[in-house]
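Structural overview
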Amino acid sequence: MSISPDDIQKIARLSRLQIEDDKVEKLSGDINNILGLVDQLQQADTSNVAPMAHPLDAVQTLRADQVTETNQRDKYQRVAPATEDGLFLVPKVIE
Amino acid sequence: MLELTIQELAKGLRDKEFTSVELTQAYLDRIDKLDSKINSYITVSKEQALANAAAADEKIAAGDTGLWTGIPFAHKDIFCTEGTLTTCGSKMLHNFEPPYNATVAQNFIDAGAVCLGKTNMDEFAMGSTNESSYYGKVINPWSGDKHLVPGGSSGGSAAAVAARLAPVATGTDTGGSIRQPAAFCGLTGLKPTYGRVSRYGMIAFASSLDQGGPMAKTAEDCAAMLQVMAGHDAKDSTSIDKEVPDYLAALSGDLSGLKIGLPKEYFNEHLNPEIAKVLDEAIEVLKGKGVEFKEVSLPNSQLGVPAYYVIAPAEASANLSRFDGVRYGYRCEEPNDLMDMYLRSRSEGFGDEVKRRIMVGTYALSAGYYDAYYNKAMQVRRLIKNDFENAFKDVDFILGPTTPSPAFGFGEKGDDPVQMYLEDVYTITANLAGIPAMSLPAGTVDGLPCGIQLLGNYFDEARMLNVGYAFQQETEWHKQRPENSLTELSA
Amino acid sequence: MEWETVIGLEVHVQLATKSKIFSGSSTAFGAEPNTQASAVDLALPGTLPVPNEQAFRYATMFGLAIDADICKRSVFERKNYFYPDLPKGYQTTQLDAPIVGAGVVEITLKDGSKKNIRIHHAHLEEDAGKSLHEDYHGMSGIDLNRAGTPLIEVVSEPDMRNAEEAVEFAKTLHSIVTSLGICDGEMSQGSMRFDVNISVRPKGQSEFGTRTETKNLNSFRFMEQAIALEVERQIDVLEEGGEIVQETRLYDGDKHVARSMRSKEEANDYRYFPCPDLLPVVLTDEYIEEVRAQMPELPAARKERFISEFSLSDYDAGILSADAGLASLFETSANISGDAKLSANWVMGEFSARLNADDVSAANAPISGEALGQLVLRVKDNTVSSSGAKKVFEKLWSQEGSDVDQIIDAEGLKQVSDTGALEAMVDEVLAGMADQIAQYKAADDKKRKKLMGSFMGPLMKASKGQGNPKLFNEILAKKLND
């Protein structure tokens, strides 16, 4: 499979990344090389092989329903780019 | 003092041969003097370290006998440290002082250890050379005047320990990021079983592959570190609730009856002959300790790199979505609108390699490609795990090279990312399968350190460390130090 | 042409857990912005999710209530998209292995007929935060208190054919989740939110038309209005030869208008994949049976019980059993007063009217079942008249008092039922009304009934409103007819 410059822009948009026009060609070349490497996977016979999302066959432990967190807004918002009245500020959200 | 093990340092502190403040100051002085040459630290926590050292000295005077009390060490800058800049090698986090500690960081604090600072790394742990750090590349202390890569992504930790700018350092390993730089810098580095060390507060690259681990001069020091790092953490759902053995107590040096497998897929015409020689010598040493060797097969090992370069970027593409300039980290100047804020904050905040991997991951997960890429890679992942499980029916450990070559020069691999990715061919399968793996210094190639790699069964770290310990009793490679090379290096 | 409407619902139900689905933050409504947003909720780097057992228990209860299979190995996935109220840049949700499989909900329509609405599945997921659109120097404010609140998203099959069915289905779901106690049902706080998929097709056609999705309706009334508006719009478009565009629409209930949400710049591609930070959640048969054994009574069963235990009509039992709060209030009142019918009248009459007027739920009403039962008891034993009881009710509602007997005393609402005292009052009043008595005696039966009223006024006045009107009537009739 190979990726076109148009695909690059589409994927960049989905990833919220901006790729300058003069970098698209080099990037699509790089990504096509990576996809070439990845295409070796198609050699493997994986019929009847269950996909493995986790290295260990462990199951999830569940937590008891307890409130363990206290208000630490000031501390957490000290690292925020913009806040006011306890809110994180962002450019206007239009639905 | 620079060559002492953790146990020896602890004894020195308790016997009042030196204080923690003196020890810490000695390392800080050395960092001051030498780090400008190798750029292994992003942040040096001078005042904090000395304050903690002074507190440790008081505790020792009051009778504290903890192994780690007052021992200096360094953290890879991927572990969140409350109030101390944590960048993950990225401009994105250039101003991020975490409001909390990673579990691993908290464990070292609880043990009384003294953190000297945060070490340099490939941006978001994506790289094998440390070239992708926003904070400048790290120079391998063994370089002499040649300027070689230290390996990556834990290249800062490796370079710092190799240059004796820290006794030991933490690292993380997603596809070889502890073992490869350990091999390039002449260190011992262990990637534990997936789930052995908590990932809470360790900034995620690829969640199902990432694992924190020790980087040190010796297997003995790795054992001492793993003792602090390992354990179940209720804050990490993927951490495993399994008893942590006494790793130091397991270091008997006795290897009799042990069987080690040599995969025919590693020992073939593609293996670098110089590295083959190093391996042959290591095999002889281990045979002398009573180890029996046997050929094994890992038929799907060549699929490790392709599977990894789907799974790791896919997970990373989602893991790195939180860096959006809303709640912390870099936000672009004066965004025009919301979309502009996202696009520019992320494009200006991330470097090229990170962007490339986000793009690959996004593509692999996008509509129409999921089955061909992501699902297929997860199936191949199972095949790779099955290979190891079959091999471990016959042998206790598997031995092979850590890297295809010793440390190379910056830019030597060209600018095709695939050439760089193939550097991880021997290390990646352990992450995919989740098994523990360790690199040991075992010789030199062209005067540069060369590592060999042991792969073990799940949760078999104690016995694995003992193999390393026994090997290091018989060899001197771990005692090599790049002091001459460091003197030659220009800042 | 005759058109048929096809409606499917996606219902977001906030689960009434104390803490969030993946963190130990409180889920309490109405806190100061971002005071209930922990490091995990803010998606600080390196933080990890740990799921809340109660969320699984609640989802399991819902599954059992709609007769669905419970998935014994459910998996969380990441749904990737960027939005400022979504801190991680993905929502942790379920796709291929949701906790609740296919089930069914029976609804009763106004004409008494019943219909089964099939549930496709219900999955567990985390809620997002809120974007506040008030102007902060041209910027929006983000509050992440709600981020991470557990939800089940209930997805119905497109089985509804008009607004009444859709609203009835929504009400039935509300009734089920509040009866189970897994959701507080507070629609005004967003505890249940409805996305309505609507399409129309020529009657008799089997294929579905193109559908639109009207999002985030949070009241039954708005839902009904939004459906009517959208059906009308679609039919207009089609009859004018146009085509329906598949889109997401927003309904503004206050202005009664709907609009298409700004068309997305690219098609959504959510890139779902299994969340590597979470492991499969395995629920054993024993666990599921333990949950089943602890299930509270469901509305349908409660209705049957109300009919047999309290001899209520089908209609009354239906209304009283639907809302868990109302049902519990009624039952307490009936037991205390010993009069189910009178309790039912009070609950469905005065009480429900006040709930509607003040827009509160029965569970949050200022009057307890105990107080209402006490009041009904005092009506029943003639301590107060029904108009006096209404005054007591007002005092209780406005929380000017909490003890029924105290209020009756304090307000002087106690009826005089002592026949001797009442007779004396009647004699006294009649003594001054000779003309009216003569008129009465001359009238026929029909007119006499009317004239009785003219005696009652002065009597109530003489008794300062405390005379038992029923007894006054009896005494009067006896005296006048002698």
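Treat the numbers as computed from the prediction; the structure is a model and nothing was measured.

For the rest of this paragraph, the subject is the interface of chain B and chain A. Taken together, the contact pairs 66 residues of chain B with 53 residues of chain A. Three residues, B:Met359, B:Tyr363 and B:Arg382, lead the burial of chain B against chain A; their summed loss comes to 13% of the area buried on that side. Counting across the chain B and chain A interface gives three salt bridges. In this structure, B:Arg356 and A:Asp30 form a salt bridge, with 2.9 Å as the shortest nitrogen-oxygen distance. Of all elements in the fold, only α9 (304–319), α10 (338–349), α11 (352–365), α12 (371–394), α13 (417–421) and α14 (428–433) of chain B reach the threshold of two or more residues within the side of chain B that touches chain A. No other element matches the 12 residues that α12(B) contributes to the side of chain B that touches chain A.

Attention shifts here to the domain arrangement of chain C. What the domain assignment reports for chain C is domain 1 (3–289), domain 2 (297–410) and domain 3 (419–481). Spacing between the C-alpha centres of domain 1 of chain C and domain 3 of chain C amounts to 64 Å.

To continue, consider the pattern of salt bridges. A full pass over the atoms with the stated rule returns 60 salt bridges over all chains. In this structure, the salt-bridge partner of B:Arg179 is B:Asp173, at a minimum N-O distance of 2.8 Å. Using a relative accessible area of 0% as the deciding quantity, one classes B:Asp173 as buried. For C:Glu230, the salt bridge goes to C:Arg249, with nearest N and O atoms at 3.2 Å. A residue pair is termed long-range when its members are at least 10 positions apart, and C:Glu230 in helix α3 (residues 220–239) and C:Arg249 in strand β12 (residues 248–252) qualify at 19 residues. There is no split in this pair, since C:Glu230 and C:Arg249 are both buried.

Residue and element names in this part refer to chain C. Take Arg 193: it is sitting in strand β10 (residues 192–202). One polar contact links the side chain of Arg 193 to the main-chain carbonyl oxygen of Gly 190, over a distance of 3.0 Å. Other than its neighbours up to four places away in sequence, Arg 193 contacts Glu 10, Val 11, His 12, Gln 14, Asp 127, Arg 146, Leu 151, Asn 216 and Leu 217.

To continue, consider the packing of aromatic side chains. Following the criterion strictly, the structure yields 33 aromatic pairs over all chains and no others. Note on B:Tyr309 and B:Tyr421: the rings are 3.7 Å apart at their centroids and 5° apart in plane angle, and the pair reads as stacked. Of this pair, B:Tyr309 sits in helix α9 while B:Tyr421 sits in helix α13, and the two are 112 residues apart along the sequence. Comparing B:Tyr309 with B:Tyr421, the two get one shared label, buried. Aromatic side chains C:Phe22 and C:Phe76 sit 5.2 Å apart centroid to centroid with 80° between the ring planes, which places their arrangement in the edge-to-face category. Of the two residues, C:Phe22 sits in the loop between β1 (3–14) and α1 (53–65) while C:Phe76 sits in the loop between β2 (73–74) and β3 (77–80), which places them 54 residues apart along the sequence. An aromatic cluster of three or more residues is present, and its members are B:Phe96, B:Phe124, B:Phe323, B:Tyr328 and B:Phe350. The side chain of C:Lys79 reaches across the aromatic face of C:Tyr270, ending 4.4 Å from its centre.

This part covers the interface of chain B and chain C. Counting from both sides, the interface comprises 41 residues of chain B and, opposite them, 33 residues of chain C. Summing the contributions of chain B and of chain C, the shared interface buries around 2800 Å²; its carbon and sulfur component is 61%. Taken as a group, B:Ser237, B:Arg322 and B:Arg327 account for 22% of the area that chain B buries against chain C, more than any other trio of residues on that side. If you look at where chain B meets chain C, you find one salt bridge. Here B:Arg199 and C:Asp277 are joined by a salt bridge, their closest N and O atoms 3.0 Å apart. Here chain B and chain C share 15 residue pairs in polar contact (both at pLDDT 80 or more) between them. Secondary structure elements with two or more residues in the side of chain B that touches chain C: α9, α10, α11 and α12 of chain B. Of the residues in the side of chain B that touches chain C, the class split is 23 nonpolar, nine polar and nine charged.

Core analysis: the biggest nonpolar cluster contains 207 residues, and B:Trp68, B:Phe124 and B:Leu399 have the highest contact counts within it. In this structure B:Trp68 touches B:Ile6, B:Phe108, B:Ala111, B:Gly112, B:Ala113, B:Val168, B:Ala224, B:Met225 and B:Val228, once residues within four positions along its chain are discounted. C:Ile7, C:Ile117, C:Met160 and C:Met223 belong to the second-largest nonpolar core, a separate cluster that totals 66 residues.

Now for the sheet that holds strand β7 (residues 130–136) of chain C. Here four strands make up an open sheet; going across it, the order is β1(A)-β2(A)-β8(C)-β7(C) and the pairing antiparallel. Edge strands, defined here as strands with exactly one partner in the open sheet, are β1 (83–84) of chain A together with β7 of chain C. Alignment of β7(C) against strand β8 (residues 139–143) of chain C, held across four bridges, turns out to be antiparallel. By the bridge assignment, C:Leu132 is partnered in β8(C) with C:Gly141.

Residues and elements named next belong to chain C. Relative to each other, helix α12 (residues 419–431) and helix α14 (residues 445–462) sit at 125°, their axes nearing to 10 Å. Taken as axis vectors, α12 and α14 run oblique relative to one another. Seen along the crossing, α12 lies across α14 with a hand that is right-handed. Where α12 approaches α14, its residues Met 425, Val 426, Val 429 and Leu 430 are matched on the opposing element by Phe 455, Pro 458, Leu 459 and Ala 462. A breakdown of the residues in the contact of α12 with α14 according to their chemical character gives eight nonpolar, no polar and no charged.

Cut-offs and rules
- The numbers attached to residues start from 1 for each chain and follow its sequence in the written order.
- Here chains are named by letter from A upward and ligands by number from 1 upward, in the order in which they appear as written.
- Reporting of local features is limited, given that this is a predicted model, to residues whose pLDDT is at least 70; pairs of side-chain atoms are given and counted only at 80 or more, and all residues count toward the totals for whole chains, interfaces and linings.
- As a convention, hydrogens and water are excluded, and side-chain values are obtained from all of the structure's heavy atoms.
- Contact between two residues is taken to exist if any of their heavy atoms lie within 4.5 Å; hydrogens are not considered.
- Buried area adds together the accessible area that both of two parts lose upon being put together, with accessible area traced by a 1.4 Å probe.
- Within this document, salt bridges are pairs made up of a side-chain nitrogen of Lys or Arg and a carboxyl oxygen of Asp or Glu, the two lying within 4 Å of each other.
- For the purposes of this entry, the term helix denotes a DSSP run of H or I that reaches at least four residues, the term strand denotes a run of E that reaches at least two, and both are numbered from the N terminus.
- Segmentation of the chain into domains, including their bounds, is taken from an automatic or database domain assignment.
- Any residue under 20% of the maximum accessible area for its type is buried, any over 50% is exposed, and the rest in between are partly exposed; the area is computed with a 1.4 Å probe on protein chains only.
- Residues adjacent in sequence count toward polar contacts only when both atoms are side-chain atoms; beyond that, a polar contact is any pair of N or O atoms within 3.5 Å, and within protein one must be able to donate a hydrogen and the other to accept it.
- Ring pairs are drawn from Phe, Tyr and Trp, using the six-membered ring of Trp, whenever the two centres fall within 6.5 Å, and their geometry is named by plane angle: stacked under 30 degrees, edge-to-face over 60, tilted for the rest.
- Lysine NZ or arginine CZ positioned within 6 Å of the ring centre and within 35 degrees of the ring normal marks a charge as sitting over the ring.
- Lys, Arg, Asp and Glu make up the charged group, whereas Ala, Val, Leu, Ile, Met, Phe, Trp, Tyr, Cys and Pro make up the nonpolar group; the residues left over, Gly among them, are polar.
- Remark: nonpolar core denotes a set of buried residues (Ala, Val, Leu, Ile, Met, Phe, Trp, Tyr, Cys) joined through side-chain atoms within 4.5 Å.
- The pairing criterion for strands is at least two bridges between them, as found by DSSP.
- All axes here are fitted lines through C-alpha atoms, helices being fitted over the stretch that makes contact, and every angle between N-to-C directions spans 0 to 180 degrees.
- When describing relative orientation, an angle under 35 degrees is termed roughly parallel and one over 145 degrees roughly antiparallel, while 65 to 115 degrees is termed roughly perpendicular and anything else oblique.
- The crossing is said to be left-handed when, going from far helix to near helix, the turn is anticlockwise and less than a right angle, and right-handed when the turn is clockwise.

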